[in-house]
Amino acid sequence: MKKTWFKEQFVYQIYPRSFKDSNQDGIGDIPGIIEKVPYLKDLGVGIVWLSPVYQSPMEDFGYDISDYRNIAPEFGTLDDMKRLIKELHKAKIKLVMDLVVNHTSSEHPWFQKSVKREGKYADYYHWEDKKKKWGSFFGGDAWSYNEERGQYYLHLFAKGQPDLNWDNPDVREDVKDIMRFWLDLGVDGFRCDVINLIAKDNTHPNGHWSLILRGKKYFCNHPNLHKYLHELNRDVLSKYDCFTVGETAFVKPKDAALLTHPDRQELDMVFEFDHMAADNYVVKWFMKKFKPMNLKKPLSKWQNQLNGKGWNTLYLENHDQARSINRFGSLEYRYESATMLATMLYFQQGTPFIYQGQEIGMTNAGFEQLDQYQDIETHNIYRFGRKLGFSHKRMMKKIRMMSRDNARTPMQWSSDFNAGFSNVDPWLSVNPNYKEINVVEEQKKDQSVYHYFKRIIDLRNKYPVIVYGDYKDLDFRNKSLYSYQRTDKTDEIIVVCNGTKRDIEYSKDYSDFTLILSNYRDQKENILQPFEARVYYKK
Ligand code: ISL
Ligand code: CA
């Protein structure tokens, strides 16, 4: 695999609304991020991915864009953005923007004109006389009626997020211009939102009945996807030193190889979702009990099947997922399980991603009342679930565990008022545990999630075998343990993780290796302690 900077650096995802409020209106903003550049520098990350800050009615908190070339006033100005790019670059940190071009906001002028069938815009979206049978990612129907045009339009997400018609070459030219605009401002790449949905079967056949995503085969991984991505690469991306990561739900390793093999010039890496189903039946609202094997199997599958054929990402959290300690670890063993999960994940092959707060072991807020949640998906799913006959109690349980707002509570900087995020009440309440879990506290302790993350970042920078080496499972059938080996021509790394809260027997002898990392100060003979993780190294 070709060596490049975007394979070697840690990416840190910022959800701007919840990172740092600089002007005391309760909403995080760009000047707030600028204040925290030294924090990012000190942590050791090389790239920042910024969730959308563009002009937007904020129905889906920025994933519904009404102007791609301007910044939402609550986040700041275009000048703030230029300053952020400059400050990050001074700190040797690259910046990746979120590119949300499967859909726009219904308030975008393109949609407004399309509704009026104005000139070339008439055909910018998907329109049909009859309502088509496709399901929305947020529950319910994906086709809604527009009174003014007298037709149905497609929205795979909220009603306020109409899908663009990528078969229209003018749409593609407009997207390319937006990309050039940001790359010319100095941005270093894009995280491409739901990119494997952009190409559709434009005859819009009705989908067979299904509880989840009816009609999926007509809008997910359509063959034209590769054509359109290659076109963006050829005309825009290849002309800059930048990278792209595609968000791609429902892809298999062989799809990912098509999307990310360098020779094909489409994307540089993808976010796959298989391991996000470790505690559910593909759709997160259909929950099942988590078992360590449910994480090991998909992670190992991707390591084995993509090596040498494409490039993957390593993530457990983002702004759409509940916190990983709650899902795959244990609140009783917060430090141990957070650090074990990090060890399990970040010594694999792929570009590593940290979601804000993950590096200090933040946990779910688990709000009890529906009106404490702000997320449109949460409210849509609640309504949809009740319509399907689920009780209020049952729906609230799902929401407490899986709502996206679990990951969107304000970043916990200190034990000060509102966790040091803002002096006023924030747009979404702070997690009440901020007095114990916050950056200041984590930096003070000598054994903390924060210091452990820093250590992993240093190790990945030091040993290329962690980035590029081959992967091999060890002891794959063991249900409690996740162990693997990484090798290149000169070096060898062994990772051993106890995925449970019990002591487990373990008698492998790695005495000819050096123990370069562990989340326990003392190792016991023939035993792995709860959530114990070890990394061995040999030249
Ligand atoms: O959040 C999800 C599951 O609860 C996913 O289905 C999610 O909607 C999907 O991964 C797409 O996510 C992206 O596009 C959405 C936006 O709401 C998400 O925040 C974004 O990450 C629409 O733009
Ligand atoms: Ca603010």
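Conventions and cut-offs
- Residues numbered from 1 in each chain as written.
- Chains lettered and ligands numbered in written order.
- Predicted model: local features only at pLDDT ≥ 70, side-chain atom pairs only at ≥ 80, totals over all residues.
- Heavy atoms only, no water.
- Domains from an automatic or database assignment.
- Contact = heavy atoms within 4.5 Å.
- Buried area = accessible area lost by both parts, 1.4 Å probe.
- Salt bridge = Lys/Arg side-chain N within 4 Å of Asp/Glu carboxyl O.
- Polar contact = N/O pair within 3.5 Å; in protein donor to acceptor, adjacent residues only side chain to side chain.
- Helix = DSSP H or I, 4+ residues; strand = E, 2+ residues; numbered from the N terminus.
- Nonpolar A, V, L, I, M, F, W, Y, C, P; charged D, E, K, R; others polar.
- Near = heavy atom within 4 Å.
- Areas by Shrake-Rupley, 256 points an atom, 1.4 Å probe, with all protein chains shown as cover.
- Donors = N, O, S within 2.8 Å, 3.2 Å for Na, K, Ca; no water.
- Buried < 20%, exposed > 50% of the residue type's maximum accessible area, 1.4 Å probe, protein only.
- Axes fitted to C-alpha atoms, helices over the stretch in contact; angles between N-to-C directions.
- Parallel < 35°, antiparallel > 145°, perpendicular 65-115°, else oblique.
- Left-handed = near helix turned anticlockwise from the far one by under 90°.
- Pairing = 2+ DSSP bridges.
- Core = buried A, V, L, I, M, F, W, Y, C linked by side-chain atoms within 4.5 Å.
- Disulfide = S-S within 2.5 Å.

Draft legend 1. Region of the structure containing the domain arrangement of the protein chain. Taken as a whole, the protein chain is organised into domain 1 (5-104 + 169-458), domain 2 (111-154) and domain 3 (468-538). Listed per partner, the contact involves 26 residues of domain 1 and 17 residues of domain 2. Looking only at domain 1, the three residues that lose the most surface to domain 2 are His-204, Asn-206 and Arg-214, adding up to 29% of its buried area. For the interface between domain 1 and domain 2, the tally reads zero salt bridges. Summed over the shared surface of domain 1 and domain 2, the result is eleven residue pairs in polar contact (both at pLDDT 80 or more). At the level of secondary structure, the elements contributing two or more residues to the side of domain 1 that touches domain 2 comprise α6 (169-184) and α12 (376-387). A per-element tally of the side of domain 1 that touches domain 2 places α12 first, with five residues. Among the residues forming the side of domain 1 that touches domain 2, the class breakdown is ten nonpolar, eight polar and eight charged.

Draft legend 2. Broad picture of the site of ligand 1. Taken together, 18 residues lie around ligand 1, and Asp-60, Glu-247, Lys-284, Asp-320 and Glu-377 are the ones closest in. In this structure, His-103 approaches ligand 1 through a side-chain N or O atom, which is 2.9 Å from an oxygen atom. Between Asp-320 and ligand 1, the recorded distance is 2.5 Å, taken from a side-chain N or O atom to an oxygen atom. Across the complex, the protein chains shield 93% of the 490 Å² of accessible surface that ligand 1 would expose by itself. A breakdown of the residues in the shell around ligand 1 according to their chemical character gives six nonpolar, three polar and nine charged.

Draft legend 3. Spatial organisation of the coordination of the calcium ion (ligand 2). In the first shell of the calcium ion (ligand 2), the protein supplies Asp-21 (OD), Asn-23 (OD1), Asp-25 (OD), Ile-27 (O) and Asp-29 (OD), at 2.2 to 2.3 Å from the metal. Read N to C, the donor residues that coordinate the calcium ion (ligand 2) are spaced as D-x1-N-x1-D-x1-I-x1-D.

Draft legend 4. Structural detail: the pattern of salt bridges. Overall, the coordinates contain 35 salt bridges when judged by the stated rule. Residue Arg-404 is joined to Asp-60 by a salt bridge in which the shortest nitrogen-to-oxygen separation is 3.0 Å. You can see Arg-404 sitting in the loop between α13 (392-402) and α14 (439-444) and its partner Asp-60 sitting in the loop between β3 (54-55) and β4 (67-71), a full 344 residues away along the chain. Side by side, Arg-404 and Asp-60 carry an identical accessibility label, which is buried.

Draft legend 5. Examining the packing of helix α8 (residues 253-260) against helix α9 (residues 292-306) more closely. Axis separation between α8 and α9 bottoms out at 10 Å; the angle between their running directions is 50°. Of the possible angle classes, the one that applies to α8 and α9 is oblique. Relative to α9, α8 is oriented so that their crossing is right-handed. Residues Pro-253, Ala-256 and Ala-257 of α8 form the contact with α9, whose participating residues are Lys-301, Trp-302, Gln-305 and Leu-306. For the contact of α8 with α9, the residue count by class is five nonpolar, one polar and one charged.

Draft legend 6. Structural view of the side chain of Asn-318. Secondary-structure assignment places Asn-318 in the loop between β14 (313-314) and α10 (324-328). Its relative accessible area of 10% is what places Asn-318 among the buried residues. Within the local environment of Asn-318, its side chain forms a polar contact with the backbone nitrogen of Asp-320, the two atoms lying 2.7 Å apart.

Draft legend 7. Up close: the sheet that holds strand β17 (residues 481-487). Spatially, β16-β17-β18-β22-β20 is the arrangement adopted by the five strands of the open sheet, whose pairing is antiparallel. With one partner strand each, in any of the chains shown, β16 (470-474) and β20 (514-518) form the two edges of the open sheet. Neighbouring strand axes in the sheet, compared pairwise and without regard to direction, differ in orientation by 20° on average. Of the strand pairs in this sheet, strand β18 (residues 492-498) and strand β22 (residues 533-538) are connected by six bridges, and their pairing is antiparallel. Directly across from Val-496, in β22, lies its bridge partner Arg-534. Contacts between α9 and the sheet are confined to β16 and β17, with β16 contributing the most and set at about 145° to the helix. Sheet strands touched by helix α11 (residues 334-346): β17, β18 and β22. Its angle to β18, the strand with the most contacts, is close to 145°.

Draft legend 8. Focus on the nonpolar core. Core analysis: the largest hydrophobic core is formed by 153 residues, its most contacted members being Tyr-12, Leu-40, Met-81, Met-97, Met-344 and Phe-347. The residues contacting Phe-347, other than those within four sequence positions of it, are Ile-456, Leu-459, Arg-460, Ile-466, Tyr-484, Arg-486, Ile-493, Val-495, Leu-517 and Val-535. Residues Phe-157, Leu-197, Cys-220 and Ile-376 belong to the second largest nonpolar core, which totals 15 residues.

Draft legend 9. Representation of the pairing of β17 within the structure. With six of its seven residues buried, β17 lies for the most part within the structure. As paired strands, β16 and β17 are joined by five bridges and run antiparallel to one another. Bridging across to β17, Asp-473 finds its partner in Tyr-484. Where β16 folds back on β17, the antiparallel hairpin that results is connected by six residues, among which Asp-475 adopts a positive phi of roughly 60°. Of the pairings in the sheet, the one linking β17 to β18 comprises seven bridges and is antiparallel in character. Following the sheet pairing, Gln-485 is matched in β18 by Ile-494. Linkage of β17 to β18, two consecutive antiparallel strands, is achieved through a turn of four residues.

Draft legend 10. Representation of the state of the cysteines within the structure. Tallied over the full model, the rule gives zero disulfides. For Cys-242, which is in no disulfide, the shortest distance to another cysteine sulfur is to Cys-192 and amounts to 9.4 Å. Take Cys-242: its relative accessible area is 9%, and that puts it in the buried class.

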